[in-house]
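What follows is the residue order along each chain.
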Amino acid sequence: MQRNRLAQIAAFGFLFALFIALRITKISDSCLWFDEIFSVHAASQPWGSILSFISVDLIHPPFFYLLLKLWITVGGDGAVWLRILPMMLSMFAAVPLIWLLRELKQSINVVAFVLCIYVISGSVLKYSLEVRMYSLMLCLSLTSIWVFIRFVRSGNARFVLLAVNIVLVYTHYFGWFVIASQVVAIAIFERRRLRSILAIAGTAVLAFMPWAIAVWSAAATGSGLSQNIGWMSRPGVREITVFTLNLFEPIYFQMGSDEPVSKFLVTVPLILAFSCVVIVVFANWNRVNVDDCGSIGILSVFAVLPILGAFLVSWASPYSVWGTRHLIIVFVPFYLLVGIFASNLPGRVIKVSFLGIGALLLAGAGAVHLVRVEPNYSWCEAGPLSAERAGSVPIYAVEDLIAYHVWFEHRKQPAPASVAVLVGIDGIAEDRAYFLPRGFYDIKRVNIAEIQDQRLMLVHRAKTLKESEPPLRNLIVRGYRVVDRQITNASGEDIGTFLLER
């Protein structure tokens, strides 16, 4: 007995060390990207105006930004310190996960198995290093599901469930899918508590109304959701396939669109292996533990309903809301299903074979992870390049993405350079997924035909940077000449700063 106890402690210690190692080794590999900069920007607003600034953005509730503001107050806004917050939230999510497994009466072996999947999940790893609300949403959704299961089985903890659900929907709108899943699960499996869960859901709606009214008022004066999510694709075959790969992908995650969406030689066999497990378990359903039958039903609601809801909303509404980051709430319920199915495999030989195949594939994923070279993106170079040489010269970019990164790099200078976005340039296409925050006026928009500066700096990225192509050509035609330049290559494209004068 003592030996088993020590082995369990060693196993959980190893998982904890692996969790930390996978994240610490990647925590400073890339700069803060556009959405992370917005997180810091929003959290840096004064207490008196932070809620109005966030409401104008429309697409996210405020709780994460308020938490991030407190975090910045404690340790500043360095990239590593900022990323420790989502990493810790992702780590804390393991606590309600363990409590949930205990509530479902799972063995210590199943707990260790599910924790292992959680630790090495590529998508969980990705969003545990991103200064966004997704790790917090994951932690709160797991807490909500755990408290919900307690409520189902005992009728207790309804006020705790209400409080967690309110914080969840004030963290991300997809929290409503978790609440909807609770209502559906009760309606199917425990109808005697339907009135109570409807009361909890209705109270959450009332508690959310002040924020809904604030966002509605802000939307009346802005450009609407088309700017925020009009670029998102509705879920088709490709989007659903990518999501499925993300659901199974161990360790690896796609950093940018120029990288493969998956390590197919690892992920596809894992999908096939799990499919075989499901088939075997259903073929031997009469041997499945009675408690596990109920757990599989409830967890299936939490794993499937948000996916179905996001799919239907994306096709029924004017805009798509489909995205792996939003659906992070279904990942752990799915991993719980994997663990329960695996524990109900008939016969020791089949279980050992399944675990052996999984271990070999994970070893391959780990080897890929060790030799992987992280890409360096052009927007990461834009700020430092311009900061080296800008001085008091006004800085111009031709897209919001680059301008926002440049502004972020310069914002704390004693006399920060003015930053503007050049518009009115034929032949320049901008990524619609990136736009400057509404209500933010430190970055101006200037038509290239109206520039009057005698000296300026242009920051631009392209496959090649030539004076015969826009926007350099447009400025040269207007009488400017390049007096200095600095160009570097990042992930297959050039990013350069050009000092021009006339």
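It should be emphasised that the depicted structure is a prediction, and the values quoted were computed from it without experimental measurement.

Asks: Provide a residue-level description of the packing of aromatic side chains, including the pertinent values.
Replies: Inspection of every chain in the model, using the stated rule, returns 29 aromatic pairs. Each ring, one from F274 and one from F341, has its centre 6.3 Å from the other, and the planes form 90°; the classification is edge-to-face. Note that F274 is positioned in helix α15 (residues 264-283) and F341 in helix α17 (residues 331-343), a separation of 67 residues in sequence. Residue F274 is classed as buried on the basis of its relative accessible area of 12%.

Asks: Give me α15: which residues, what numbers.
Replies: A rise of 1.5 Å per residue sets the reference length of α15, with its 20 residues, at 28 Å; its end C-alpha atoms lie 28 Å apart and thus fit the reference within 8%. In this fold, the buried residues of α15 make contact with α14 (237-248), α17 and α18 (348-371).

Asks: Any details on the pairing of strand β4 (residues 455-462)? Residues and values, ideally.
Replies: Regular strands place their side chains on alternate faces of the sheet. Counting buried positions along β4 gives six out of eight residues, so the element sits mostly inside the fold. The pairing of β4 with strand β6 (residues 493-501) spans eight bridges and is antiparallel. Across the sheet, residue R455 finds its bridge partner in β6, namely E501.

Asks: Please provide a residue-by-residue account of the pattern of salt bridges, values included.
Replies: Pairs can form between side chains of opposite charge whenever their charged atoms are close. Counted under the stated rule, the structure contains 10 salt bridges. For D77, the salt bridge is made with K412, and the minimal N-O distance between the two is 2.8 Å. With D77 in the loop between α4 (63-75) and α5 (79-92) and K412 in the loop between α20 (400-410) and β2 (419-423), this residue pair connects regions lying 335 residues apart in the sequence. Given a relative accessible area of 17%, D77 falls into the buried group. For the salt bridge of E501 with R481, the shortest nitrogen-to-oxygen distance reads 2.8 Å. Of this pair, E501 sits in strand β6 while R481 sits in strand β5 (residues 481-490); the two residues are 20 residues apart in sequence, bridging distant segments of the chain. Here the salt bridges share partners, and the residues they tie into one network are D77, R411 and K412.

Asks: Before we move on, could you go through the nonpolar core and cite the residues and values that matter?
Replies: Core analysis: the biggest nonpolar cluster contains 153 residues, and L68, L97, F148, I197, Y404 and I443 have the highest contact counts within it. Here this core gets 14 residues from one element, more than from any other, and that element is helix α9 (residues 134-154). Ignoring any residue separated from it by four or fewer positions in sequence, one finds F148 in contact with L161, Q182, A185, I186, I197, I298 and F302. Ranked by size, the runner-up nonpolar core spans 17 residues in total, among them A420, V446, L458 and L465.

Asks: Help me get a handle on a nonpolar patch on the surface, residues and values and all.
Replies: A cluster of nonpolar residues, V205, L206, M209 and I213, forms a patch on the protein surface that exposes about 370 Å² of accessible area. For M209, the position within the fold is in helix α12 (residues 194-219).

Criteria and thresholds
- Residues numbered from 1 in each chain as written.
- Predicted model: local features only at pLDDT ≥ 70, side-chain atom pairs only at ≥ 80, totals over all residues.
- Heavy atoms only, no water.
- Phe/Tyr/Trp six-rings, centres within 6.5 Å; stacked < 30°, edge-to-face > 60°.
- Helix = DSSP H or I, 4+ residues; strand = E, 2+ residues; numbered from the N terminus.
- Buried < 20%, exposed > 50% of the residue type's maximum accessible area, 1.4 Å probe, protein only.
- Expected span 1.5 Å × (residues − 1).
- Contact = heavy atoms within 4.5 Å.
- Pairing = 2+ DSSP bridges.
- Salt bridge = Lys/Arg side-chain N within 4 Å of Asp/Glu carboxyl O.
- Core = buried A, V, L, I, M, F, W, Y, C linked by side-chain atoms within 4.5 Å.
- Patch = residues over 30% accessible without salt bridge, like charges linked within 9 Å, V, L, I, M, F, W, Y side chains within 5 Å.
- Areas by Shrake-Rupley, 256 points an atom, 1.4 Å probe, with all protein chains shown as cover.

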